[in-house]
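Descriptive analysis of the structure
Listed below, chain by chain, are the residues.
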Amino acid sequence: MVSPVSAENTIHPGTPQAEQARAVASERRRTRTVLLIAFLVALIVRGVAGWYAGSAQPQEIRYITIARGLMAGNGFHGLDNRYPDIIQPPLFPMMLAVALVLPGPDLAIARGVSILMGALLVFPCAVIARRLFGEKTTRRVACLVAVYPLLADISAAAITESTFALLVMLAALSVWRALDTGDSGGGPLPSVTAGLLLGLAFLTRPEGLAYLAAAWAACAVDALLSRSLVRTALAHLRKVLFILAGFAVVVAPYLVWVHARIGHWMMAPKATLVHVHQTLSQEGQREGWNEPYGSLIFWEHVKFGLNEQSTAIRAHEGFSGASAGITEGLLVSDDDAVTILSPMMAVRTGVRNFGELYLETIKYGFVIPSLLVMMLGIGLVSRPWVGPFRRAAMIVLVFLGGSFTFLVSHVEPRFLYAAIPFLLPWMGEGWRRSEAWAIGTFSGDGGRTRTRERLVRAGVGTVVLVLTLLHLPPALRITSNLWSEHRELGQWLLKEVGPDRKVMAATPVVAYYAAARYEVMPYADLDSLLDYARSKGVEYLVADRAEIPSFRPQLTSLLIPERPHPGLEVIRALHEGTPHAIFLYSVLPVGQSAR
């Protein structure tokens, strides 16, 4: 027997309500189908990009070898010792350690983890687009995620960006869910979940702290947009505290571990490294280094310069001896001759980073293709923040703001990875509006209108996707050729000499493929470098034409093997006479000269 309430709510066949419900159900089925296809396409595109990339990159080697160290019970130590291993947040290497129990090449498995995380980004992006703009925009956003150049290229590498962005997007959705309860306050579960996800994001990249602040800012904005700020302030404060509680649950074990390693409490060990580098920067200015302050070469000297005895890299010594007073002298100095951070330097840094951002977006189209810049503008014209979903839109925009905190220091295309997903809903809406305009302009009237609409829609979609995807191959061509000669040299060394040798180079790629131990090449003159190499038991030295002029210009003589240093003997040269020339030297004992 049907109750009066259920009978009243029953939709009878043939009524307008039934037709509307059928149309809604059909739209949702179509969206689910498109999402599944977009996810599979995303996997394929990223898989092809990962295969085409070829040789392992230095950062990939860092994560993979740390994961292998964890599996072997050797702790948080990897092959790449350019920086102290403790500064690397632990989640991603732990994920790789779990994945590496699968059979297959380490690099392929590690890249597979990033590829999967990058493809899964289709779903949270689609959820945000659906709640802001509806089903049609959702389908277009899913297609954009699948073929987006930056997302596809970066997630094809075994680095943290795709995992970090997925966690941040899920955290933003949880914050959205927590604030969806409006003025009533709601239960703690969505807020705690947001905190847990933000904690995991922080354990993937230290920038996760910026998104914790973004979550709190979203709560504040939502409270300001509420009808009664006073009445809802307590409810929003509870949500902030629940977010913090979830964050603390995840992060606390890591903080305890860090305390056990370095002897004091610290949110991010990278702060100690920054402190050490800034301290060395002050020392360099006092000592009158030849390198221009703030230049790439100056910072190479800061990070990899040797002590006076040529026995250790000063930054490594500084990190090992860092005390609890890490903020002393970090941004200011009593010495008038020393400049750590001035207003003009901050302005120059910001201008430089925005210039780089322009080159990587409008000019090269890797980060934001030109067509999608236009789509983004059209989507923003819709101004969803003034409509019924304005609170939701403001949450997305606040999280977007958290993605741009890197602009105050340094910019690389991959740093924008986490920002792009928060822009995609507006790009998708711009695509939908452009399509609607094209249909209204070109479909015409008459019996063939529906067919023309489909043709116009297919044409617009093809143009958008093709012009977006066309920006990916140039990026792949650049990254695929970066380390191939290093791999070739490493494989030759493994075959001809054998494993477990000690190799010095600016990057660990040769050592990785040679199954060798790695020692970073210090920033020093050749005599001091050889003293240091011998003290570390280095057997082979790698000189790369692509790296030496930019990072170790005082060692350019290594690129002329016809006139080697008496303590070195060239045993292998590849691609001589090209920008990719690379040389392998044998480090001779003291008193022995090259033949």
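It should be noted that the structure appears before, not after, this text.
Just so we're clear, the structure is a prediction, and the values are computed from it rather than from any experiment. (Residues numbered from 1 in each chain as written. Predicted model: local features only at pLDDT ≥ 70, side-chain atom pairs only at ≥ 80, totals over all residues. Heavy atoms only, no water.)

The next thing to look at is the pattern of salt bridges. Evaluated as defined, the whole model comprises 19 salt bridges. A salt bridge links arginine 414 to glutamate 161; its shortest N-O distance comes to 2.8 Å. Taken as a pair, arginine 414 in the loop between α18 (390-402) and α19 (420-442) and glutamate 161 in helix α9 (residues 161-179) lie far apart in primary sequence, 253 residues in all. Put simply, Glu161, Arg205, Glu207 and Arg414 are held in one network by salt bridges that share partners. (Salt bridge = Lys/Arg side-chain N within 4 Å of Asp/Glu carboxyl O. Helix = DSSP H or I, 4+ residues; strand = E, 2+ residues; numbered from the N terminus.)

This part covers the nonpolar core. Counting 156 residues, the largest nonpolar core has Phe399 and Leu424 as the members making the most contacts within it. The leading source of residues in this core is α9, at twelve residues. In contact with phenylalanine 399, other than residues within four places in its own chain, are Val168, Ala172, Val175, Tyr211, Ala214, Ala215, Ala218 and Phe422. Membership of the second largest hydrophobic core comes to six residues, among which are Val45, Ala152, Ala156 and Leu472. (Core = buried A, V, L, I, M, F, W, Y, C linked by side-chain atoms within 4.5 Å. Buried < 20%, exposed > 50% of the residue type's maximum accessible area, 1.4 Å probe, protein only. Contact = heavy atoms within 4.5 Å.)

Take the pairing of strand β3 (residues 540-544) next. Within β3, five of the five residues are buried, leaving the element largely enclosed by the surrounding structure. Of the two faces of β3, the one holding Tyr540, Val542 and Asp544 and the one holding Leu541 and Ala543 are both buried throughout. Of the pairings in the sheet, the one linking strand β1 (residues 502-505) to β3 comprises two bridges and is parallel in character. Residue pairing across strands places valine 503 opposite tyrosine 540, the latter belonging to β3. In this structure, β3 lies alongside strand β5 (residues 582-587), joined through five bridges in antiparallel fashion. Residue pairing for β5: aspartate 544 is matched across the bridge by isoleucine 582. (Pairing = 2+ DSSP bridges.)

Moving on, we get to the sheet that holds β3. Taking strand neighbours across the sheet as the criterion, the five strands line up as β2-β1-β3-β5-β4 in an open arrangement whose pairing is mixed. Strands at the two margins of the open sheet, each flanked by one partner only, are β2 (517-520) and β4 (568-574). The mean angle between the axes of side-by-side strands here comes to 25°, regardless of whether they run parallel or antiparallel. Here helix α22 (residues 484-496) sits on the sheet and contacts β1, β3, β4 and β5; the angle it forms with β5, its principal contact strand, is near 35°. Running at roughly 155° to β1, helix α24 (residues 526-535) makes contact with β1, β2, β3, β4 and β5 of the sheet. (Axes fitted to C-alpha atoms, helices over the stretch in contact; angles between N-to-C directions.)

Turning to the packing of helix α11 (residues 208-225) against α18, a few remarks are in order. Packing of α11 against α18 leaves a shortest axis separation of 9 Å and a crossing angle of 150°. The orientation of α11 relative to α18 falls into the category roughly antiparallel. As α11 packs across α18, the resulting crossing turns out to be right-handed. In this structure, α11 uses Ala210, Tyr211, Ala214, Ala215, Ala217, Ala218, Val221, Asp222 and Leu225 to contact α18, whose residues at the interface are Arg390, Arg391, Met394, Ile395, Val398, Phe399 and Gly402. (Parallel < 35°, antiparallel > 145°, perpendicular 65-115°, else oblique. Left-handed = near helix turned anticlockwise from the far one by under 90°.)

Turning our attention to the pairing of β1. Burial along β1 is two-sided: the face carrying Lys502 and Met504 and the face carrying Val503 and Ala505 are both buried. Where β1 lies against β2, four bridges are found, and the strand directions are parallel. Paired with alanine 505 across the bridge in β2 is valine 520.

There is a patch of like positive charges on the surface, built from Arg30, Lys136, Arg450 and Arg454. Mapped onto the elements, arginine 30 comes out in helix α2 (residues 16-53). Residue class for arginine 30 comes out partly exposed when judged on its relative accessible area of 46%. (Patch = residues over 30% accessible without salt bridge, like charges linked within 9 Å, V, L, I, M, F, W, Y side chains within 5 Å. Areas by Shrake-Rupley, 256 points an atom, 1.4 Å probe, with all protein chains shown as cover. Lys, Arg positive; Asp, Glu negative; His and termini not counted. Charge placed at Lys NZ, Arg CZ, Asp CG, Glu CD.)

Attention now goes to the environment of arginine 314. The residue arginine 314 is located in helix α15 (residues 314-320) in this model. C-alpha of arginine 314 to C-alpha of histidine 301: the two residues are 13 residues apart in sequence and 9.6 Å apart in space. Once residues within four sequence positions are removed from consideration, arginine 314 is found in contact with Leu280, Glu283, Glu287, Trp289, Gly305, Leu306 and Asn307. Polar contacts involving the side chain of arginine 314 include one to the side chain of glutamate 283, which spans 3.2 Å. (Polar contact = N/O pair within 3.5 Å; in protein donor to acceptor, adjacent residues only side chain to side chain.)

Moving on, we get to the packing of aromatic side chains. Using the criterion set out here, one finds 15 aromatic pairs in the structure. On the numbers, 5.4 Å between centres and 50° between planes, the contact of tryptophan 289 with phenylalanine 298 is tilted. Tryptophan 289 sits in the buried class, given a relative accessible area of 14%. Looking at phenylalanine 298, the relative accessible area reads 2%, which means it is buried. (Phe/Tyr/Trp six-rings, centres within 6.5 Å; stacked < 30°, edge-to-face > 60°.)

Within an α-helix, residues lying three or four positions from one another point in the same direction, as the helix has 3.6 residues per turn. Helix length check: α18 (13 residues) gives 19 Å between terminal C-alpha atoms against 18 Å at 1.5 Å per residue, within 8%. For α18, the complete set of buried residues consists of Ala392, Ala393, Ile395, Val396, Val398, Phe399, Leu400 and Gly402. Of the surrounding elements, those touching the buried residues of α18 are α6 (122-133), α9, α11 and α19. (Expected span 1.5 Å × (residues − 1).)

A few words on the environment of proline 589. Mapped onto the secondary structure, proline 589 falls in the segment after β5. You can call proline 589 partly exposed: its relative accessible area is 47%. Proline 589 sits 55 residues away from arginine 534 along the chain, and the two C-alpha atoms are 7.5 Å apart.

A contiguous nonpolar surface patch, about 460 Å² in accessible area, is contributed by Trp216, Leu234, Leu237, Leu241 and Leu244. No other element matches helix α12 (residues 229-262), which puts four residues into the nonpolar patch. Within the element layout of this structure, tryptophan 216 appears in helix α11. According to the relative accessible area criterion, tryptophan 216 is partly exposed, its value standing at 33%.

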